[in-house]
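Fold and geometry: a report
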Amino acid sequence: MTARILDGRATSAAMLDRVREEVAEFSREHGRVPVLATVLVGDDPASHTYVRMKANRCAKVGMESRRVELDAGISTETLVKTIRELSADPAVDGILLQHPVPGHIDERAAFEAIDPAKDVDGVTRTSFARMAFDEGGFASATPGGIMALLDAYEIPLSGKHAVVVGRSPILGKPVGMLLLARDATVTYCHSRTRDLAEHVARADIVVAAVGRPELIRGEWIKPGAVVVDAGYADNRGDVEYEAAAERASFITPVPGGVGPMTIATLLAQTVRAAREGTEK
Ligand SMILES: NC(=O)C1=CN([C@@H]2O[C@H](COP(=O)(O)OP(=O)(O)OC[C@H]3O[C@@H](n4cnc5c(N)ncnc54)[C@H](OP(=O)(O)O)[C@@H]3O)[C@@H](O)[C@H]2O)C=CC1
Ligand SMILES: Nc1nc(=O)c2c([nH]1)NC[C@@H]1CN(c3ccc(C(=O)N[C@@H](CCC(=O)O)C(=O)O)cc3)C=[N+]21
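Given the structure is predicted, the values throughout are model-derived calculations rather than measurements.

Re helix α6 (residues 141-152)
For α6, built from twelve residues, the straight-helix expectation of 16 Å at 1.5 Å per residue is met to within 8% by its first-to-last C-alpha distance of 16 Å. Of all twelve residues in α6, nine are buried, a share of seventy percent or more. Every buried residue belonging to α6 is among Ala141, Thr142, Pro143, Gly144, Gly145, Ile146, Met147, Leu149 and Leu150, and all of these are buried. In this structure, the buried side of α6 is in contact with α1 (8-30), α7 (172-181), β7 (205-208), β8 (226-229) and α10 (258-279). At the exit of α6 stands glutamate 154, carrying a positive phi of roughly 50°.

Details of the site of ligand 1
What surrounds ligand 1 is a group of 20 residues, the closest being Arg167, Ser168, Ser191, Tyr232 and Thr262. Between ligand 1 and tyrosine 232, the relevant distance is 2.8 Å, taken from an oxygen atom to a main-chain nitrogen or oxygen of the residue. The contact in question runs from an oxygen atom of ligand 1 to an N or O atom on the side chain of threonine 262, over 2.6 Å. When the free accessible area of ligand 1 is taken as 920 Å², the share hidden by the protein chains comes to 72%. Among the elements that make up the shell around ligand 1, the one with the highest residue count is α10 (three residues).

What about the pattern of salt bridges?
Throughout the structure, instances matching the rule amount to eleven salt bridges. Between aspartate 17 and arginine 20 there is a salt bridge, with the nearest N and O atoms lying 2.7 Å from each other. Of this pair, aspartate 17 and arginine 20 both sit in helix α1, three residues apart, which is roughly one turn of the helix. Residue arginine 20 is classed as partly exposed on the basis of its relative accessible area, which comes to 36%. When the shortest N-O distance is used, the salt bridge between aspartate 93 and arginine 32 registers 3.0 Å. You can see aspartate 93 sitting in the loop between α3 (76-88) and β4 (94-97) and its partner arginine 32 sitting in the loop between α1 and β2 (35-41), a full 61 residues away along the chain. Judged by its relative accessible area of 28%, arginine 32 is partly exposed.

Examining the UniProt feature "domain: Tetrahydrofolate dehydrogenase/cyclohydrolase NAD(P)-binding" (unreviewed entry) in the protein chain
With numbering aligned to this structure, UniProt lists the feature "domain: Tetrahydrofolate dehydrogenase/cyclohydrolase NAD(P)-binding" (unreviewed entry) at residues 140-276. Spanning residues 140-276, this segment combines 38% helix with 15% strand, and its end C-alpha atoms are found 18 Å apart.

A look at the pairing of strand β6 (residues 185-189)
Strand direction decides the pairing type here: strand β5 (residues 161-165) and β6, joined by five bridges, are parallel. When the sheet's bridge partners are listed, valine 165 is paired in β6 with cysteine 189. The β-α-β motif built from β5, the intervening α7 and the parallel element β6 has right-handed crossover chirality.

Topic: the packing of α6 against α10
Helix packing for two helices is described by the angle between their axes and how far apart those axes are. Running from N to C, α6 and α10 cross one another at 110°; their axes reach a closest spacing of 7 Å. As far as their axial angle goes, α10 and α6 are roughly perpendicular. Where α6 abuts α10, its residues Ala141, Thr142, Gly144, Gly145, Ile146, Ala148 and Leu149 lie against Val258, Met261, Thr262 and Thr265.

Looking at the site of ligand 2
Every one of the 18 residues lining ligand 2 counts as a neighbour, but Leu97, His99, Asp121, Tyr232 and Gly256 are closest to it. Between ligand 2 and the protein, one listed contact pairs a nitrogen atom with a side-chain N or O atom of aspartate 121 at 2.7 Å. Glycine 256 is positioned with one of its backbone polar atoms (N or O) 2.6 Å from an oxygen atom of ligand 2. Starting from 670 Å² of accessible surface for ligand 2 in isolation, the protein chains cover 80%. Listing elements by their share of the shell around ligand 2, those giving two or more residues are α2 (45-60), β4 and α10. Looking at the shell around ligand 2, the element that brings in the most residues is α10, giving four residues. Across the shell around ligand 2, the residue classes break down as eight nonpolar, seven polar and three charged. A domain-level breakdown of the shell around ligand 2 finds at least three residues from each of domain 1 (33-116) and domain 2 (141-258).

Rules used throughout
Residues numbered from 1 in each chain as written. Chains lettered and ligands numbered in written order. Predicted model: local features only at pLDDT ≥ 70, side-chain atom pairs only at ≥ 80, totals over all residues. Heavy atoms only, no water. Helix = DSSP H or I, 4+ residues; strand = E, 2+ residues; numbered from the N terminus. Expected span 1.5 Å × (residues − 1). Buried < 20%, exposed > 50% of the residue type's maximum accessible area, 1.4 Å probe, protein only. Contact = heavy atoms within 4.5 Å. Near = heavy atom within 4 Å. Polar contact = N/O pair within 3.5 Å; in protein donor to acceptor, adjacent residues only side chain to side chain. Areas by Shrake-Rupley, 256 points an atom, 1.4 Å probe, with all protein chains shown as cover. Salt bridge = Lys/Arg side-chain N within 4 Å of Asp/Glu carboxyl O. UniProt positions renumbered as here; feature names shortened; annotations may be inferred. Pairing = 2+ DSSP bridges. Right-handed = clockwise from strand over helix to strand, strands pointing away. Axes fitted to C-alpha atoms, helices over the stretch in contact; angles between N-to-C directions. Parallel < 35°, antiparallel > 145°, perpendicular 65-115°, else oblique. Nonpolar A, V, L, I, M, F, W, Y, C, P; charged D, E, K, R; others polar. Domains from an automatic or database assignment.

Take a look at the structure:
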């Protein structure tokens, strides 16, 4: 068997066409376009690339982005103050703080400075709780993008055994919660998990969210399983792609899978934040 591709590029392009129309409609009604503020701390080249991609994608759908770049040495207090100012700024609809921030900064405190109404990247506790309680908050961008991709291909989730490898607050943990909300049976694996191979081998759906190229071996994949690879380190995914694709029914490529869906989700949520922000 050779797996069908879960094509994140095509699926995100369709999503972004819709976002472009929503932006135009918002702009007709409000005389301005939605604005996403991106905050980047330090000079990690990969992070610069991601933030630039997000800004470019904003421009393509007619949205505005405002880039805030801060020195690697700034304190938690300065970062929190900067983000609070963006939260209070009526000209800003959505805020993205690029993760990770330098180690001396309290990232959680910085995330919590984002007004939940502007948390279009879904990183605050409030967004997490709304997601977990099915109250329609903003999804964490990558988990939201993964669900949109699975739905675009009408992958059944109810009753399926999903194994999520990784449990970070903005990726592994929330994607497991979203799968649970759709009635999957969810297993989380992480750095202390014993027998990772055996867990993965039992999965109908595997979500890899670690950041270690080819940690997940193709021979572990159950024939017919759906493989979603969110890993992204040195431009490579967490799954041994060729070998996994021989066994899987569906698989995401890297690049061209989860990455573009993340950005599309972020922008879709920014228009939504703009709309909801102007309702009040
Ligand atoms: N495409 C996209 O849009 C995005 C991609 N990413 C990519 O996804 C990957 C994960 O990101 P993120 O969640 O932020 O990373 P983190 O480093 O925060 O989390 C990594 C997770 O992997 C677990 N882990 C580490 N080693 C192993 C192992 N040997 N076996 C099993 N689990 C392990 C860790 O376990 P423990 O909790 O025990 O430490 C942790 O839960 C990265 O490659 C990142 O670049 C991230 C965000 C968006
Ligand atoms: N607060 C926060 N939210 C994030 O969503 C977030 C983050 N921090 N930190 C870093 C990771 C990484 N990330 C990616 C987004 C898009 C691609 C993407 O579109 N990649 C293209 C390839 C791009 C290229 O390299 O040419 C693809 O996979 O096809 C990749 C990675 C979001 N992240």
